[in-house]
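# Overview (structure and organization)
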Amino acid sequence: MSNDDAKPLSKRQEALDYHEFPKPGKLEIRATKPMTTGRDLSNAYSPGVAEACLEIQKNLADAARYTAKANLVAVVSNGTAVLGLGNIGAQASKPVMEGKAVLFKKFAGVDCFDIEVNETDPEKLAEIVASLEPTFGAINLEDIKAPECFIVERLCREKMNIPVFHDDQHGTAIVASAAAVNALRVARKNIEDIKIVALGAGAAGIACLKMFLVMGAKRENITMLDSKGVVHQRRNDLSPEKAEFARETEMRTTLEAMEGADLFLGVSGPGLLTKEMVSRMAERPIIFALANPTPEIMPEEAREASPGALIATGRSDYPNQVNNVLCFPFIFRGALDVGATEINDAMKLACVEAIAGLARETASAEVGHAYRGERLTFGPEYLIPKPFDPRLLPTIAYAVAKAAMESGVATRPVDLEAYSARLNAQVYRSYSVMRRVFDAARASSRRIVFAEGEDERVLRTAQAMVEETQDRPILIGRPDVVSARLEREGLKIRAGEDFEIVNPEDDPRYRDYWGTYYEQMRRRGVSPDLARAVMRTNTTAIAAVMVHRGEADSMICGTFGEYRWHLGHLTQILSTGELHPVAALSLIILDKGPLFVADTHVHITPDAAQVAETVIAAARHVRRFGVEPQIALCSRLAIRQSGQ
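Residues numbered from 1 in each chain as written. Predicted model: local features only at pLDDT ≥ 70, side-chain atom pairs only at ≥ 80, totals over all residues. Heavy atoms only, no water.

### A word on the sheet that holds strand β14 (residues 554-556)
The strand order β13-β12-β11-β14 describes an open sheet built from four strands, whose pairing is parallel. In the strand order of this sheet, the two ends are held by β13 (500-502) and β14, each with one partner. Each neighbouring strand pair of the sheet contributes to a mean axis angle of 25 degrees, computed without reference to strand direction. The sheet contact formed by strand β12 (residues 472-476) and β13 spans three bridges and is parallel. Bridging across to β13, Ile 476 finds its partner in Val 502. Lying on the sheet, helix α20 (residues 456-468) is in contact with β11 (447-450) and β12; it crosses β12 at an angle near 160 degrees. Most of the contacts of helix α24 (residues 539-548) go to β14, to which it runs at about 170 degrees, and overall it touches β11, β12, β13 and β14. (Pairing = 2+ DSSP bridges. Helix = DSSP H or I, 4+ residues; strand = E, 2+ residues; numbered from the N terminus. Axes fitted to C-alpha atoms, helices over the stretch in contact; angles between N-to-C directions. Contact = heavy atoms within 4.5 Å.)

Below, the structure written as structure tokens:
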């Protein structure tokens, strides 16, 4: 067997092992309350459970208070249209639905049961789903073939008073629409004016076109094609959903429809769009070839036919992946949190705008690290954010919850400011404790010098400072290197405009800096020549000199290198009055709250005075985080004795 033959088998076995070991499946149920005593048992079940039952009987809405309903979604499928696999049946679809459930939990903290139903009659399936309303806060319909999916969703929405969302339709439509918003911005076109060709008239294609209409597209500018060609008014084989987009036209083929088209939407099959068809499109065409795993046309072929094309696919190995995971966990999160009775057009549009807006913002350091090597700057190669962008949850859920409240479908309105803080805390475990620090940073203005100004993390931090605070970054680094890395990472800040730069190789203040360093260090054996060399090569020392001279208020160093090496330069240059006491304070985020630990790096065997000074200084800093310190003093001797 060749290596090429063996590789697919290896990947196949890896996927099977992932699902089978160490225990079958991808999810389990865990208790959220203690179950260790007889008292716990009596509260969880009989007789204590009766109290919760009686309260819900009096007021059904109290199920959100006493049960998991408000954070519980059902992923329901009959397995008739599983992505890439077709009609494989309900039970065979279970791994996919379990996968959807774990994505809900991973990305948005939403609990989920997957429910596979052996029923292909849409009316009976809708009846089954509707009967589940007492259990769930929302329903995610999944992988149900068209046109039955339209019937199931419509009947469920009519019968149920909780959100019912067919992700194959609306999830795809929302993410594709977000990509379209930004593609139109890059192409400098208006959605009201563009000509749209849609190849594929199933659930996703029809939902995308309906979303485009909500955004302002003109129905007369849309041409839909199915497996039989152009959907026109003379055809008598159209479902009600297709008939809605039938137009009076003499066009019959894809080639004819593509003449002068501005946007191609493909949700059909592989290889159905040719280079000749692309060449007939308008200037700077937008091509969404979303068939998966093989799109209607490969991006490189489309670009050969039209070099200025803006392209998105459903694949993760190309830029601009239209991935439903950018939408469904977060739109459900927002809907559940305000007790929405449905997911309406206002909420979908808010989701579209939130996703599109994120792509236009500067990517965070976390995203840059997760997608190292990719250019995450708004433009043709970055029209929509990446799935592991931590900002998706707080941005989208907030926008959806706000839209639900404003459109009148929220049964449990929330304080939006507090809700935003809670969402951020859910994503960033440090957010709650850091919030006061962030607020203080926004209210003040400081000059902060970064010793390692060429580091990518520092450049992203400087960008965030410029966007979110009044602080003035100062970067130590070679201007050409800083400029090249800013360009590579797609960051917008520029030297001289947004930040000051100190060039260690050629700065007009060089003589002043080495002179200051020499004055501080000459009694420690530093010669003028050595002082000059240090001010050319040691960026930590340069930053410390700037703080000493009053040219910066604070400094940040140590993105690489050994802690005590950096600390040595600081304590040598900054006088006792400028840097006292010298100690380290570390923050650990625990489930029960923050734990501050001092001194973790500086004094190995502190004397009594150093301990006292460290404790007092640590308490002062802890209060800045909004925490009233409760102090415990530990010693190596005490730990050793307790261990014995």
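Now that the structure has been shown, we can carry on.
### Topic: unusual backbone geometry
Cis geometry is adopted by the peptide bond preceding Pro 22, which originates at Phe 21 and carries an omega value of -5 degrees. When you line up the elements, Pro 22 lands in the loop between α1 (3-20) and α2 (38-44). With omega at 5 degrees, the peptide bond leading from Ala 146 into Pro 147 counts as cis. Structurally, Pro 147 is set in the loop between β3 (138-141) and α7 (148-159).

### Observations concerning the packing of aromatic side chains
According to the stated counting rule, one finds seven aromatic pairs in the structure shown. When the centroid spacing of 6.5 Å and the interplanar angle of 80 degrees are considered together, the rings of Phe 107 and Phe 330 count as edge-to-face. Here the residue Phe 107 occupies a position in helix α5 (residues 94-108), and Phe 330 occupies one in helix α14 (residues 328-337), the gap between them amounting to 223 residues. Accessibility classification places Phe 107 together with Phe 330 in one group, the buried group. (Phe/Tyr/Trp six-rings, centres within 6.5 Å; stacked < 30°, edge-to-face > 60°. Buried < 20%, exposed > 50% of the residue type's maximum accessible area, 1.4 Å probe, protein only.)

### Observations concerning the sheet that holds strand β10 (residues 310-313)
Spatially, the six strands line up as an open sheet ordered β7-β6-β5-β8-β9-β10, and their pairing is mixed. Of all the strands in the sheet, just β7 (229-230) and β10 have a single pairing partner and so form its edges. Direction of pairing for strand β9 (residues 286-289) relative to β10: parallel, over a ladder of four bridges. The partner of Phe 288 across the bridge, within β10, is Ala 312. Against the sheet, helix α8 (residues 167-187) makes contact with β8 (263-266), β9 and β10, and its axis sits at roughly 155 degrees relative to β9, the strand it touches most. Across the sheet, helix α9 (residues 203-215) is in contact with β5 (196-199), β6 (222-226) and β8; its angle to β8 comes to roughly 145 degrees.

### Details of the nonpolar core
What tends to happen in soluble globular proteins is that the nonpolar side chains get buried as a cluster. Core analysis: the biggest nonpolar cluster contains 106 residues, and Ile 139, Leu 209, Phe 212, Leu 265, Ile 331, Met 347 and Ile 355 have the highest contact counts within it. For this core, the leading source of residues is α8, giving 11 residues. Excluding residues within four positions of it along the chain, Leu 265 makes contact with Val 197, Ala 198, Leu 199, Gly 205, Cys 208, Leu 209, Phe 212, Phe 288 and Leu 290. In this structure, Tyr 510, Val 534, Met 555 and Leu 570 belong to the second largest nonpolar core, which totals 26 residues. (Core = buried A, V, L, I, M, F, W, Y, C linked by side-chain atoms within 4.5 Å.)

### Focus: the pairing of strand β2 (residues 111-116)
For strand β1 (residues 72-77) and β2, the ladder comprises six bridges, and the chain directions are parallel. Looking at β2, one finds that Val 76 is bridged to Ile 115. For the crossover from β1 across α5 to β2, the handedness is right-handed. (Right-handed = clockwise from strand over helix to strand, strands pointing away.)

### Considering α24
The buried count for α24 comes to eight of 10 residues, which makes it a mostly enclosed element. Every buried residue of α24 is listed here: Thr 540, Ala 541, Ile 542, Ala 543, Ala 544, Val 545, Met 546 and Val 547. Phi turns positive, to about 80 degrees, at Gly 550, one or two residues after α24.

### Things to note about the packing of α24 against helix α25 (residues 563-573)
To characterise two packed helices, one gives the angle between the axes of the helices and the distance between these axes. It is the contact of α24 with α25, at a shortest axis distance of 9 Å, that shows an interaxial angle of 30 degrees. It follows that α24 is roughly parallel to α25 by the angle criterion. By crossing handedness, the relation of α24 to α25 is classed as right-handed. Residues Thr 540, Ala 541, Ala 544, Val 545 and His 548 of α24 form the contact with α25, whose own contacting residues are Trp 565, His 566, His 569, Leu 570 and Ile 573. Along the lines of polarity and charge, the residues of the contact of α24 with α25 split into six nonpolar, four polar and no charged. (Parallel < 35°, antiparallel > 145°, perpendicular 65-115°, else oblique. Left-handed = near helix turned anticlockwise from the far one by under 90°. Nonpolar A, V, L, I, M, F, W, Y, C, P; charged D, E, K, R; others polar.)

### Focus on the environment of Leu 273
Tracing the sequence through the fold places Leu 273 in the loop between β8 and α12 (275-279). Excluding residues that lie within four positions of it along the chain, Leu 273 makes contacts with Met 258, Phe 264, Val 278, Ile 287, Glu 296 and Ile 297.

### Some words on the environment of Arg 333
Positionally, Arg 333 belongs in helix α14. What makes Arg 333 buried here is its relative accessible area of 6%. Counting along the chain gives 65 residues from Arg 333 to Tyr 398, while the straight-line C-alpha distance between them is 8.9 Å. Setting aside residues up to four positions removed in sequence, Arg 333 forms contacts with Asn 71, Ala 108, Gly 109, Val 110, Leu 393, Ala 397, Tyr 419, Leu 423 and Gln 426. Looking at Arg 333, its side chain comes within polar contact range of the main-chain oxygen of Ala 108, at 3.1 Å. (Polar contact = N/O pair within 3.5 Å; in protein donor to acceptor, adjacent residues only side chain to side chain.)

### Observations regarding the packing of helix α23 (residues 528-537) against α24
In contact at an axis separation of 6 Å, α23 and α24 are set at 100 degrees when each is read in the N-to-C sense. Between α23 and α24, the angle is such that the two are roughly perpendicular. In contact with Val 534, Met 535 and Thr 537 of α23, α24 contributes Thr 539, Ala 541, Ile 542 and Val 545. Of the residues that constitute the contact of α23 with α24, the class distribution is five nonpolar, two polar and no charged.

### Considerations on the state of the cysteines
Counted according to the given criterion, the structure contains zero disulfides. Cysteine Cys 327 remains unbridged, with the sulfur of Cys 351 as its closest cysteine sulfur at 4.0 Å. (Disulfide = S-S within 2.5 Å.)

### A short note on the environment of Met 277
Looking at the secondary structure, you find Met 277 in helix α12. Expressed as a C-alpha distance, the spacing of Met 277 and Lys 402, which sit 125 residues apart in the sequence, is 42 Å. For Met 277, the residues in contact, after removing those within four places along its chain, are Thr 254, Leu 255, Met 258 and Leu 272.

### Structural notes on the pairing of β10
Residues of β10 alternate between two faces, with Leu 310 and Ala 312 on one and Ile 311 and Thr 313 on the opposite face, all of them buried. In the classification by handedness, the crossover that spans β9, the intervening helix α13 (residues 299-305) and the parallel β10 is right-handed.

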